Amino acid sequence: YKGTVTISNINLHDLSMQSAGKDRVMVLYLNENVFCDQDNQLHDFVKLLINEGAPIVLVHEKDTSKGGCPFETIINQTPDDLKEEPYNLYSHDIAVSLYSVEQYQQV
């Protein structure tokens, strides 16, 4: 990849795509709190990105001190419509496991 990479936090109160026309990707951090927001803003943002064709990279936290939990818990917390057509959040790619243990971080 050649170009500029910008990392930014999502403002879930403004779901407009300010970077319209630019390549973008979302890293979706999966832990015990994913999709637990009261107003479903993350749910809405994920749907928006999928509808716009933006890739979503799934990262599964494994460290329980950082909210890691079994993947089954994440699946159960995920709204049904994101698990079904046309969204199929978990059917295309496998979530990348994120470990805090140094042995897992070595390349």
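Residues numbered from 1 in each chain as written. Predicted model: local features only at pLDDT ≥ 70, side-chain atom pairs only at ≥ 80, totals over all residues. Heavy atoms only, no water.

## With respect to the pairing of strand 2 (residues 56-61)
(1) Moving on: Counting buried positions over the six residues of strand 2 gives five, a clear majority of the element.
(2) Moving on: Taken together, the five bridges between strand 1 (residues 26-30) and strand 2 define a ladder with parallel strand orientation. Paired with Leu30 across the two strands is His60, which belongs to strand 2.
(3) Moving on: Since strand 1 and strand 2 lie parallel, the crossover through helix 1 (residues 41-51) that links them has a hand, and here it is right-handed.
(4) Moving on: Taken together, the three bridges between strand 2 and strand 3 (residues 96-98) define a ladder with parallel strand orientation. Counterpart to Glu61 in the pairing with strand 3 is Leu98. (Buried < 20%, exposed > 50% of the residue type's maximum accessible area, 1.4 Å probe, protein only. Helix = DSSP H or I, 4+ residues; strand = E, 2+ residues; numbered from the N terminus. Pairing = 2+ DSSP bridges. Right-handed = clockwise from strand over helix to strand, strands pointing away.)

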